[in-house]
Amino acid sequence: MAKDKTQYVCSECGGTSPKWLGKCPSCGAWNSLVEQAPAAAPGAAQNRFGNTFAALGGASELAVLAEIEATDVARTATGLEELDRVLGGGIVPGGVTLIGGDPGIGKSTLLLQAADALQNAGQIALYVTGEESGAQVALRAHRLGLERSQVQLMAEIQLEKILATLDAHRPAIAIIDSIQTVYSDQLTSAPGSVAQVRECAAHLTRFAKASGTAVVLVGHVTKEGALAGPRVLEHMVDTVLYFEGDTHSSFRLVRAIKNRFGAVNEIGVFAMTERGLRGVANPSAIFLSQHAQPVPGSVVLVTLEGTRPMLVEIQALVDDGGPSPRRLSVGLERDRLAMLLAVLHRHAGVASMDQDVFVNAVGGVRITEPAADLAVMLAISSSLRGKALPKGFVAFGEVGLAGEVRPAPRGQERLREAAKLGFSVALVPKANAPKKPIEGLTIHAVDRVDEAMAVVRQLD
Ligand code: TYD
Ligand code: MG
């Protein structure tokens, strides 16, 4: 199986070595050598500059940009509305999509549903399963109510066989579940290693571009993080989707973090049910936990997910810490938390140096937008003071190091969504204050962190 021309290439400096070494002989980096398949053409041509190009077969044609017709990409809707939304309308022929996520979060379920919907719409869908047997996939199909599904199934993990089959059948969409189980004979590394994952994905991508088959690669996010996980593939593919959500709650978010054919940061919201994933068309209120009475340390944030405003409860717990107090955040950035604590101390006189501070975004959502700052800060001060914010209170706004409260994008939409869901008091940056009053909503607009704290004390 092994080919003697395999070489090892350093992922830091590009240096090569004929055998694997722990330390790169060229740059000295540790653990950076990755196996690479031998070059395709040994008798490489030389051009007149003396350079060797393995694939040199003649110069390529050039085109003038202005003369190229700008056709919009054709898309095929999968029929799952929430998935189509993240994809920017549907799958694109020849497009390669990577779907990453923790094991058990619902990748196989979603893709089987999508494959079936496409097949029903008259497209050929081919599902390559390397993780489960055909019988296991059939069992899942039963559970999903798809026992009569016409989706083509192939249980195979060898890349060369997969490619040959794809070439023979030319499906509209091919799902590879998962890329970490596929291996190529060209490499000696184990399936799932960086070298294998990268090589197999490169071949599948080339096939997609040449044939027009849309390829979907499933990738598990490994505990070790980046290495051997889907991250090494992000730059190769057209679209990267990540599954998010707490496996303990039934809600799942599918987020586009890269999309050559559509907007990024768009999300699709699903609920995992007994019969598979169901799209949640109106998700704005699903991340609120239901308190009968307001509790200290809880603030509802109006965040923006893609183009949609959503309400997410932010919780904070501030408690006496030991000699080295902890700062922990779930679903929010920890560095940002440290910054907010410093701003809170310096500009609003709220000290928490000797306190443990925990913050959490309810429901397993991950919030990266700075517009969450104000809500996080209010949740912390609320917990510290042991005073709850009034019922029906929402907040958003970015906080700067100088203690200023900066506007958030699409403030009006956020406020309207909050009003629609019955919230009655909003604390927002001055620049986001609406010109016309919004029915049912009392708005407090502030410029600075200390003003925000003063408003909150008034509301007590
Ligand atoms: P799965 O799609 O196998 O996850 P992944 O491919 O990302 O590893 O989903 C597995 C989980 O979903 C499993 O815990 C069972 C649950 N599930 C349901 O709750 N309802 C269903 O209809 C199906 C098919 C799965
Ligand atoms: Mg799976």
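Residues numbered from 1 in each chain as written. Chains lettered and ligands numbered in written order. Predicted model: local features only at pLDDT ≥ 70, side-chain atom pairs only at ≥ 80, totals over all residues.

As annotated in an unreviewed UniProt entry, the protein carries the name DNA repair protein RadA and comes from Pseudacidovorax intermedius. UniProt, in its Sequence similarities (unreviewed entry) section for the protein, records the words "Belongs to the RecA family. RadA subfamily." (UniProt positions renumbered as here; feature names shortened; annotations may be inferred.)

Asker: Could you clarify how one ought to interpret the domain arrangement of the protein in this entry?
Answerer: Many structure descriptions define interface size as the accessible area lost when the parts assemble. Its domain assignment divides the protein into domain 1 (1-36), domain 2 (75-281) and domain 3 (298-459). The straight-line distance from the C-alpha centre of domain 2 to that of domain 3 is 37 Å. Taken together, the contact pairs 10 residues of domain 2 with 7 residues of domain 3. (Domains from an automatic or database assignment. Contact = placed C-beta atoms within 7 Å.)

Asker: So what exactly am I meant to see when it comes to the packing of helix α2 (residues 107-120) against helix α3 (residues 134-143) here?
Answerer: For any two helices packed against each other, one specifies the inter-axial angle together with the distance between the axes. Put simply, α2 and α3 touch, their axes get as near as 11 Å, and they point 75° apart. Overall, the two elements α2 and α3 adopt an arrangement that is roughly perpendicular. Contacts between α2 and α3 involve Ser108, Thr109 and Leu112 on the former and, on the latter, Val137, Arg140 and Ala141. (Axes fitted to C-alpha atoms, helices over the stretch in contact; angles between N-to-C directions. Helix = DSSP H or I, 4+ residues; strand = E, 2+ residues; numbered from the N terminus. Parallel < 35°, antiparallel > 145°, perpendicular 65-115°, else oblique.)

Asker: Looking at this structure, I do not really get the site of ligand 1. What am I missing?
Answerer: Inspection of the region around ligand 1 gives 15 residues, with Gly106, Lys107, Ser108, Thr109 and Gly276 positioned closest. A per-element tally of the shell around ligand 1 places α2 first, with 3 residues. Residues of the shell around ligand 1, tallied by class, amount to 4 nonpolar, 6 polar and 5 charged. (Near = placed C-beta within 6 Å. Nonpolar A, V, L, I, M, F, W, Y, C, P; charged D, E, K, R; others polar.)

Asker: Which parts of the structure should I look at to understand α2?
Answerer: For an α-helix, the turn length of 3.6 residues means that residues three or four places apart are oriented alike. In a regular helix each residue adds 1.5 Å, so 14 residues correspond to 20 Å; α2 covers 20 Å between its end C-alpha atoms and thus fits that length. Most of α2 sits inside the fold, with 12 of its 14 residues counted as buried. After α2 finishes, the residue Gly122 shows a positive phi value of roughly 95°. (Expected span 1.5 Å × (residues − 1). Buried ≥ 20, exposed ≤ 12 C-beta atoms within 10 Å, placed from the backbone.)

Asker: I tried to follow unusual backbone geometry on my own but got confused; where do I start?
Answerer: Across the chain, the bulk of peptide bonds are trans and the bulk of non-glycine residues have phi less than zero. In the segment running from Asp177 into Ser178, the intervening peptide bond is cis, with an omega of 0°. Considering the arrangement of structural elements, one finds Ser178 in the loop between β9 (173-177) and α5 (194-211). Unusually for a residue other than glycine, Arg170 sits at a positive phi of about 40°. By the secondary structure assignment, Arg170 is in the loop between α4 (159-169) and β9. Taking the C-beta count within 10 Å as the criterion, Arg170 has 12 such neighbours and is therefore assigned exposed.

Asker: Even after reading the chapter, I still don't get the nonpolar core, so can you show me in this structure?
Answerer: Side chains of a nonpolar character, in soluble globular proteins, are inclined to be buried together. Counting residues in each nonpolar core, the largest one holds 112 residues, and the members touching the most others are Ile176, Leu217, Ile314, Ala375, Val376 and Ala395. Two domains each put at least three residues into this core: domain 2 (75-281) and domain 3 (298-459). (Core = buried A, V, L, I, M, F, W, Y, C linked by C-beta atoms within 7 Å.)

Asker: What exactly am I supposed to notice about the environment of Gly297 here?
Answerer: The residue Gly297 is located in the loop between β14 (276-279) and β15 (298-305) in this model. Note: C-alpha distance between Gly297 and Leu317 (20 residues apart in sequence) is 6.1 Å.

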